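Each chain, letter by letter, is given below.
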Amino acid sequence: MLSERMLTQVMRACTKNYLKLEPTADTHMPPPVPGQAYMLYMHVPFCERLCPYCSFNRFPFSEDRARPYFANMRKEMMMLRDLGYDFESVYIGGGTPTVLLDELCETIDLARDTFSIKEVSSETNPNHLVPDYVEKLTGRVQRLSVGVQSFDDGLLRQMDRYDKYGSGVEIVERIKYATPYFTSLNADMIFNFPAQTEDILISDIERVIESGASQTTFYPLMASPSVERSLAATVGKVDYNRERRFYEIICELLTGELPDLSAGAFTEPLVDVGAGNAVHISETVRVAPPMRPGLFEFGSAWTFNRRGANVGGSVSEPFDDAMIDEYVVNYEEYPAIGSGGITYLGSNLYVNTFSVVDYNAAIEAGRMSMMGKTAFNKRDRMRYRFMMQLFGLRLDKRAFERDFGCTVEAGLPVEMAFMTAAGAFATNNADELTLTPKGRYLTVVMMRQFFIGVNNLRDQARAALTGEERELIFG
């Protein structure tokens, strides 16, 4: 698709231009803006396995590294309190936050005692969906996001996840067990792995539905240059030419939305065949197990919420608003604590040191751990708002004009002209912009390229590692 290729090139150039890490002498984050709602991001950089596709800050887990780290992250949380911050939401990412469960629980409890926390989201891995872990997380965590990536045993072996996290069948059963204990349980998936076929993707979708997960997120595979090399050595070279086709399969089978047939996604729409459904792909027909089209609805461009799910059951009451995977949609500004955390406040993006050793030393010396920052100008901030709100499926035009002093048409004329010409907008009036199916995919492309740019920023920070830590990651 020409518009996708053009957008990829433009986003690649934009992120290369403004996502550059400059050194900073700042020892503390700026104070909060009175009356503004903030989310707190915590980063736990320890994993039992280092996956070849992951660009986040992560190190092989060892208890002697992790315990002092958690203690210092709690100290850093108190630094934010002393600056005047309050939080209604916490997102704990990694790494694997549940890798040392007692420390994680103590950290969550401190956050709840200190701030006005209404919801806690945490990432985890399938091997932690067991009674002991679930019991301790119930009530502390409302939204649990499980890193599945794929249910296909061949892909799991390629990613070195099969032996540690279990087979696809085992993971389905663990999700079935854990789902009733949380307001939202998200199955975190990746599509467009080099070895992934359309049949493997369809099977992954079927297993998400079978698992009973109340939510699923399908990320396109995205890699910074350093991860592209490790991916090529393990699972193969990424082919972005298949991405839209795969995305449309996901959208059709989860939401019942028919693809744009002019793009060559399916030769025919989804039709009923007996007790099941026939999925027509290219010139072949694959009869899938029984499933209902439209079982899920869009939460964001790549997040899908199960319709009418008994989310949380009798254990936890659901929130009025569905929780989605990308916290940046609901909270445009957020401070991040922990090694490798990325903060966005005002016009500055801060990156915390990727060295756990340097992180501990900074916190113990009474300062925060930012090692670099990027300053956004007004146009960059308008582009960021444009992308993030469209990713969340609706841009509030009146709020845009109020916050930036100009209409979105005046502030971003090129972007608006491109998206309009590409047929991206379903609604474009004085109040809002909403998206067509094509517009949703173009937003996926924007987000993919933006996150690749953020991964490049992480690579810049990771390059500063020395000694044992460098050997652990690069050796």
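Scope of this entry: the structure provided in the associated data block. It should be emphasised that the depicted structure is a prediction, and the values quoted were computed from it without experimental measurement.

Glancing now at helix α13 (residues 397-404). Considered for burial, the residues of α13 that qualify are K397, A399, F400 and F404. Looking down the long axis of α13, one finds its buried residues gathered within 160° of arc, a one-sided arrangement. For α13, exposure combined with an orientation more than 90 degrees from the buried face picks out R398 and R402. Structurally, α13 contributes buried residues whose contacts are with α12 (378-391), β19 (395-396), α14 (408-411), β20 (425-428) and β21 (432-435).

Right, let's get into helix α16 (residues 437-462). Along its 26 residues, α16 runs 37 Å from first to last C-alpha, staying within 8% of the 38 Å computed at 1.5 Å per residue. For α16, the buried fraction is high: 22 of the 26 residues fall into the buried class.

Attention now goes to the sheet that holds β20. Pairing between the strands of a sheet is mediated by backbone hydrogen bonds and can be parallel or antiparallel. Reading across from one edge, β19-β21-β20 is the order of the three strands in this open sheet, with antiparallel pairing throughout. Across the chains shown, the open sheet's two edge strands, defined by having one partner strand only, are β19 and β20. Of the strand pairs in this sheet, β20 and β21 are connected by three bridges, and their pairing is antiparallel. Across the sheet, T427 pairs through a bridge with T434, a residue of β21. Across the sheet, helix α15 (residues 413-421) touches β20 and β21, and the angle it forms with β20 is around 125°.

Here we come to unusual backbone geometry. With an omega of 20°, the peptide bond between G94 and G95 qualifies as cis. On the secondary structure map, G95 appears in the loop between β5 (89-94) and α3 (101-114). The residue Q149 is not glycine, and still its phi comes out positive at about 70°. Among the structural elements, Q149 can be located in strand β7 (residues 143-149).

Read from one edge to the other, the open sheet built from four strands follows the order β1-β18-β17-β16, with strand pairing classed as antiparallel. Among the strands making up the open sheet, the edge pair consists of β1 (22-23) and β16 (342-345). Alignment of strand β17 (residues 348-352) against strand β18 (residues 370-375), held across five bridges, turns out to be antiparallel. Bridge pairing in β18 links V351 to G372. Contacts from α16 reach β16, β17 and β18, with the element oriented near 45° to β17.

About the cut-offs
- Residues numbered from 1 in each chain as written.
- Predicted model: local features only at pLDDT ≥ 70, side-chain atom pairs only at ≥ 80, totals over all residues.
- Heavy atoms only, no water.
- Buried < 20%, exposed > 50% of the residue type's maximum accessible area, 1.4 Å probe, protein only.
- Helix = DSSP H or I, 4+ residues; strand = E, 2+ residues; numbered from the N terminus.
- Arc of directions from axis to C-beta.
- Contact = heavy atoms within 4.5 Å.
- Expected span 1.5 Å × (residues − 1).
- Pairing = 2+ DSSP bridges.
- Axes fitted to C-alpha atoms, helices over the stretch in contact; angles between N-to-C directions.

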